[in-house]
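# Inside the fold
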Amino acid sequence: MKLSTFAIIVTILAIGFGLAFVFIPVKVAAFYGSTLDGGGIVAARYFGAANLFLGMIFWSYSSVSPAAKSWPKLLLYSLIYDIIQLIITTKAVLDKQSNSMGWTSVALFALLAIGSGYFMVQCNKARAQAA
């Protein structure tokens, strides 16, 4: 897989989840076996807005060369984000705060973390070869 393809996949996922959490947070939460009160709805919408922002960043990078100086930093920050989300989501599922659908998010964050780590290494190699 090319880095540009990974960027587009992250874009699609982030914007898809972002729009869902911004516009229909109660339905999305119900899909995962959770209920939201007023404060939870606001927090879910903040999460959705953050995902939209993440999607826009990755979309803007989808045509940037892997040798670009900024890619490794973006991928490092994405890796950190994915690991934090992985820990939070795994804990929520294990604590029965989510139904079995929560495991799909665990898998998704694990795959995104692996992808970010892999492409971070690839970008560093590309930069070393270009120098």
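The preceding data block contains the structure.
Keep in mind that this is a model prediction, so the values were computed, not measured.

Glancing now at the side chain of Q85. You can see Q85 is positioned in helix 4 (residues 71-94). Taking relative accessible area as the criterion, Q85 reaches 11% and is therefore assigned buried.

This part takes up helix 3 (residues 38-61). When the terminal C-alpha atoms of helix 3 are compared, their 35 Å separation across 24 residues agrees well with the 34 Å that a helix rising 1.5 Å per residue should span. For helix 3, the complete set of buried residues consists of G40, I41, A44, G48, N51, L52, L54, G55, F58 and Y61. Tucked into the core, helix 3 has its buried residues touching helix 1 (3-23), helix 2 (25-31) and helix 4.

On to helix 1. If you check helix 1, its first and last C-alpha atoms are 30 Å apart, about what 21 residues at 1.5 Å a residue would give, namely 30 Å. Residues of helix 1 that are buried include every one of L3, F6, A7, V10, T11, A14, G18, A20, F21 and V22, and no others. Along its buried surface, helix 1 packs onto helix 2, helix 3, helix 4 and helix 5 (102-130).

Quick look at the nonpolar core now. Formed by 18 residues in total, the largest nonpolar core has its most connected members in L3, F6, F58, W71 and L75. Sorting the residues of this core by element identifies helix 1, helix 3, helix 4 and helix 5 as the ones contributing at least two each. Core analysis: the next-biggest nonpolar cluster, separate from the first, contains five residues, A20, F21, V28 and A44 among them.

A word on the pattern of salt bridges. The tally for this structure, following the rule as stated, stands at one salt bridge. The shortest N-O distance in the salt bridge between D95 and K91 comes to 2.6 Å. With relative accessibility at 52%, the residue K91 sits in the exposed group.

The next subject is the environment of L13. Topologically, L13 is positioned in helix 1. Note: C-alpha distance between L13 and G55 (42 residues apart in sequence) is 7.6 Å. For L13, the residues in contact, after removing those within four places along its chain, are L108 and L112.

Conventions adopted
Residues numbered from 1 in each chain as written. Predicted model: local features only at pLDDT ≥ 70, side-chain atom pairs only at ≥ 80, totals over all residues. Heavy atoms only, no water. Helix = DSSP H or I, 4+ residues; strand = E, 2+ residues; numbered from the N terminus. Buried < 20%, exposed > 50% of the residue type's maximum accessible area, 1.4 Å probe, protein only. Expected span 1.5 Å × (residues − 1). Contact = heavy atoms within 4.5 Å. Core = buried A, V, L, I, M, F, W, Y, C linked by side-chain atoms within 4.5 Å. Salt bridge = Lys/Arg side-chain N within 4 Å of Asp/Glu carboxyl O.

No statement about biological role is implied by the geometric values presented.
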